[in-house]
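Below are the chains, spelled out letter by letter.
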Protein chains: 2
Amino acid sequence: MLLFYQPELTNGVKHLDADESRHAVKVLRLKEGSHIHVTDGHGNLYEARITDENHRKCGFELLQNHPEQAFRTYRHLVIAPTKNMDRMEWLVEKATEIGVDRISLIKCSNSERTVVKTDRLIKKAVSAMKQSLKATLPQVDEIVSFKNYLQNETAQQKFIAYVDFENPVELQTVIHPGEENVVLIGPEGDFSPEELQMALDSGFRKVSLGTSRLRTETAGLAAVHLLNLFGK
Amino acid sequence: MLLFYQPELTNGVKHLDADESRHAVKVLRLKEGSHIHVTDGHGNLYEARITDENHRKCGFELLQNHPEQAFRTYRHLVIAPTKNMDRMEWLVEKATEIGVDRISLIKCSNSERTVVKTDRLIKKAVSAMKQSLKATLPQVDEIVSFKNYLQNETAQQKFIAYVDFENPVELQTVIHPGEENVVLIGPEGDFSPEELQMALDSGFRKVSLGTSRLRTETAGLAAVHLLNLFGK
C-alpha cells in the first residue's frame, strides 16, 4: 500500500504536493492509472487513481474512503524538549507510530532548549504516519512557557510525570478511556517545585511511569504507549 | 552521581579501563580522593574513592556496596535486527534504560540483516546503563539462525509477537512475574508461516503488542516496556 499525504484533500485538492509528486512519479515511477492511497491526516484514507503523472503536481481521482476508526481516547503529550533535537525527532516519530493526537512543547525553568523548529518535527510525524499506514497526523504545537500552557489547558484528565515516593500512582491505573488525557513530561532537570505546585493547583495529578529513571524522550514515549494500551 | 563500569570488579580489579580512566582524569578532572561509583553490570553498585589519578589506569578503592535490587522477572527480548543499525542501537539504548536482562538477535527468512557487530550494541548498552544509573548490563547475544535459537530456548514463558485476528491475546495479560519471560519480534517482513509454526511447536504463544502497526525496533521497545510494567 502506497500512502500519500494531502492535507487539503477535504478542501477539494486532487493532486499531490511537489515533494510527493516527485516521489510518486520520479522515484516510484507511478503512471496514469496507478492505484495509490491518500490521507488528509484527519482520519480519512482514500483509495485513489493517478490521472496525471505530473512530477510537480501529480493529479489523482478519489475512489473509495476507508476512514480510520478514531481512537477512543484523546492522547495529548506535553513535553519540555531535550537539548538534542534528534531525540525529540525520534520521540515524535515513535509517538506517531504508536498513536498520539497532540504533542505540545513547553519551556520550563530547567529547560535546556527553549526554541524549537516545529516544521522538522511535523515532517517526522508525516513520514511516520505514512510509514505506519495511519490516517491521523498528530497536532504539533509551537513551544510556549509552562505557565502559558497551564492557563490554556482544558483536558478532563491531567497528569504530571513526577514521582511521589510517599504515594506513587502509576499512570496506567488512572487513565480515563474516552476522555482527553494529557500527560506532562518535564526537562532533564525535572520540574521546579514551583512548577509542580502550579500544575497541582491547576488540577494535575502526580503519576509515575515505572521504576526506572528515564530520559525525557523515553518518558514521553512510555506515556504515549500507556495512553494507547489503557485508553482503548 | 558519577557511575563507571568495571566488569572485572568481582575478580578484584580495582582500576578503570583506559577509556573510562581518560574520561575520569582528563575530562572530569577527578583527583585522588574523589568519590565515584563503580558497577560490575551484574547488580553491584559500589561507592569508591580514587586512589591513583592515572589517566590510563585510574585506581580506586571500594567503600560501600549498594547492590541494585534484582528485577523480579527475567526480561528476554529476541529480535530480528533491522537493516538500519541506528534503529537497533537506539532499541538497545532505550531497552537498557527501561530495563532488560538479555537481548538475542536472530536471522529469519525475511531478515534484511544477517550480520551484526554486537560490540557496538554492547557499547550502547554500557553508556545507557551508566546514563540511567543502573547496575545491570543486559547480555547481548551474537546473531544466530531462528531455528538454532529455538532449539536452545529454555524460558518458562515464551511469546511471539504475531497478531492472531481470530483470537488476539495482549502481551500484558499473559506475562508471568517472577519467571523468565521471552518475547520474539520478527523482521520487517514478519515471520514466515513456517517460522511461526516452528515457534508454536516449540511452545511459543502468539501475542499482540497493541493495535498499531509497529516497526521492528518499536515493537521490541514496546515489549520491553510491558515486561517491566507487568513483570514486577
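Residues numbered from 1 in each chain as written. Chains lettered and ligands numbered in written order. Predicted model: local features only at pLDDT ≥ 70, side-chain atom pairs only at ≥ 80, totals over all residues. Heavy atoms only, no water.

1. Structural notes on the sheet that holds strand β4 (residues 59-65) of chain A
All names here are of chain A. Across the sheet, 4 strands lie side by side as β1-β2-β3-β4; this open sheet has mixed pairing. The open sheet has two free edges, formed respectively by β1 (3-5) and β4, since each of these has just one partner strand. Neighbouring strand axes in the sheet, compared pairwise and without regard to direction, differ in orientation by 40° on average. Pairing of strand β3 (residues 45-52) with β4 involves 5 bridges; the strand directions are antiparallel. Bridging from a neighbouring strand, arginine 49 pairs with glutamate 61 of β4. Relative to β1, helix α3 (residues 118-131) is tilted by about 150°, and along the sheet it contacts β1 and β2 (35-39). (Pairing = 2+ DSSP bridges. Helix = DSSP H or I, 4+ residues; strand = E, 2+ residues; numbered from the N terminus. Axes fitted to C-alpha atoms, helices over the stretch in contact; angles between N-to-C directions. Contact = heavy atoms within 4.5 Å.)

2. Topic: the relation of the copies chain B and chain A
In the superposition of chain B on chain A (RMSD 0.0 Å, axial shift 0.0 Å), the rotation amounts to 180°. The symmetry that links the two subunits is that of a two-fold axis. Interface residue correspondence from chain B to chain A reaches 100%, placing this contact among same-surface, isologous pairings. (Least-squares fit on C-alpha atoms with pLDDT ≥ 70 in both.)

3. Quick notes on the packing of aromatic side chains
Residues and elements named next belong to chain A. Enumeration according to the criterion identifies 6 aromatic pairs over all chains in this entry. The interplanar angle of 40° and the centroid separation of 5.4 Å between the aromatic rings of phenylalanine 146 and phenylalanine 191 together place this pair among those described as tilted. One end of the pair, phenylalanine 146, is in helix α4 (residues 146-152); the other, phenylalanine 191, is in the loop between β10 (180-185) and α5 (193-201), with 45 residues separating them in the sequence. Judged by its relative accessible area of 3%, phenylalanine 146 is buried. (Phe/Tyr/Trp six-rings, centres within 6.5 Å; stacked < 30°, edge-to-face > 60°. Buried < 20%, exposed > 50% of the residue type's maximum accessible area, 1.4 Å probe, protein only.)

4. A word on the pattern of salt bridges
Per the stated rule, a full pass over the model turns up 26 salt bridges over all chains. Here lysine 130 of chain B makes a salt bridge to glutamate 20 of chain B, at a shortest N to O gap of 2.3 Å. On the criterion of sequence distance, the pair formed by lysine 130 of chain B in helix α3 (residues 118-131) and glutamate 20 of chain B in helix α1 (residues 18-27) is long-range, its members being 110 residues apart. Classification of glutamate 20 of chain B as buried rests on a relative accessible area of 10%. In this structure, arginine 102 of chain B engages aspartate 141 of chain B in a salt bridge whose closest nitrogen and oxygen atoms are separated by 2.7 Å. One end of the pair, arginine 102 of chain B, is in strand β6 (residues 102-107); the other, aspartate 141 of chain B, is in the loop between β7 (139-140) and β8 (144-145), and 39 residues separate them in sequence. Given the relative accessible area of 13%, aspartate 141 of chain B is considered buried. Salt bridges linked by common partners bring Arg87, Arg215 and Glu217 of chain A together with Glu93, Lys94 and Glu97 of chain B together as one network. (Salt bridge = Lys/Arg side-chain N within 4 Å of Asp/Glu carboxyl O.)

5. Structural notes on the nonpolar core
Leu171 and Ile185 of chain A together with Leu171 and Ile185 of chain B are the most contacted members of the largest nonpolar core, which totals 76 residues. Excluding its chain neighbours within four sequence positions, the residues that come into contact with leucine 171 of chain A are Phe159, Val183, Val207, Ser208, Leu209, Ala223 and Leu226 of chain A. (Core = buried A, V, L, I, M, F, W, Y, C linked by side-chain atoms within 4.5 Å.)

6. Examining the interface of chain B and chain A
Across the boundary between the two partners, chain B contributes 27 residues, which contact 27 residues of chain A. Interface of chain B and chain A: buried area, both sides summed, is about 2400 Å²; carbon and sulfur atoms make up 51% of it. At the boundary of chain B with chain A, the tally comes to 8 salt bridges. Our count for the contact surface shared by chain B and chain A stands at 20 residue pairs in polar contact (both at pLDDT 80 or more). No other element matches helix α6 (residues 216-230) of chain B, which puts 8 residues into the side of chain B that touches chain A. (Buried area = accessible area lost by both parts, 1.4 Å probe. Polar contact = N/O pair within 3.5 Å; in protein donor to acceptor, adjacent residues only side chain to side chain.)

7. A closer look at unusual backbone geometry
Excluding glycine, a negative phi dihedral is what most residues carry, and trans is how most peptide bonds are arranged. Residues and elements named next belong to chain A. Phi angles above zero are rare outside glycine, and arginine 29 is one such case at about 55°. Mapping arginine 29 onto the fold places it in the loop between α1 (18-27) and β2. Of the residues examined, arginine 29 reaches a relative accessible area of 60% and is grouped as exposed. With a phi close to 55°, leucine 133 is a non-glycine residue in the positive phi region. Mapping leucine 133 onto the fold places it in the loop between α3 and β7 (139-140).

8. A word on the sheet that holds strand β4 (residues 59-65) of chain B
All names here are of chain B. Spatially, 4 strands are ordered β1-β2-β3-β4 in an open sheet, and the strand pairing comes out mixed. In this open sheet, the two strands that pair with only one neighbour each are β1 (3-5) and β4. Pairs of neighbouring strands in the sheet enclose a mean axial angle of 40°, with direction left out of account. Note: β1 against strand β2 (residues 35-39), 3 bridges, orientation parallel. Following the sheet pairing, tyrosine 5 is matched in β2 by threonine 39. The strands that α3 touches are β1 and β2; relative to β1, the one it contacts most, it runs at about 150°.

9. A short note on the packing of helix α2 (residues 85-98) of chain B against α6 of chain B
All names here are of chain B. Here α2 crosses α6 at 10°, and the two axes come no closer than 9 Å. Viewed along their axes, α2 and α6 adopt a mutual orientation that is roughly parallel. On α6, the residues that touch Arg87, Trp90, Leu91, Lys94, Ala95 and Ile98 of α2 are Glu217, Gly220, Leu221, Val224, His225 and Asn228. (Parallel < 35°, antiparallel > 145°, perpendicular 65-115°, else oblique.)

10. Things to note about the pairing of strand β6 (residues 102-107) of chain A
Residues and elements named next belong to chain A. The pairing of strand β5 (residues 74-79) with β6 spans 4 bridges and is parallel. When the sheet's bridge partners are listed, histidine 76 is paired in β6 with arginine 102. In this view, the connection linking β5 to its parallel neighbour β6 by way of helix α2 (residues 85-98) has right-handed handedness. Both β6 and β7 contribute to a ladder of 2 bridges, which runs parallel. (Right-handed = clockwise from strand over helix to strand, strands pointing away.)

11. Section: the confidence of the model for chain A
Summary statistics for chain A give a mean pLDDT of 95 and a share of 100% for residues scoring 70 or more. For this predicted complex, the interface confidence comes out at an ipTM of 0.83, alongside a pTM of 0.89. (pLDDT = per-residue confidence, 0-100.)

12. Some points on helix α5 (residues 193-201) of chain B
All names here are of chain B. Looking at α5, one finds that the buried residues are Glu195, Leu196 and Ala199. Seen from one end, α5 has its buried residues packed into an arc of 100°, which puts them on one side. Those residues of α5 that are exposed and angled more than 90 degrees off the buried face are Pro193, Glu194 and Asp201. Where α5 is buried, its residues touch α4 (146-152), β9 (157-161), β10 (180-185) and β11 (205-207). Looking one or two residues past α5, glycine 203 carries a phi angle of roughly 90°, positive in sign. (Arc of directions from axis to C-beta.)

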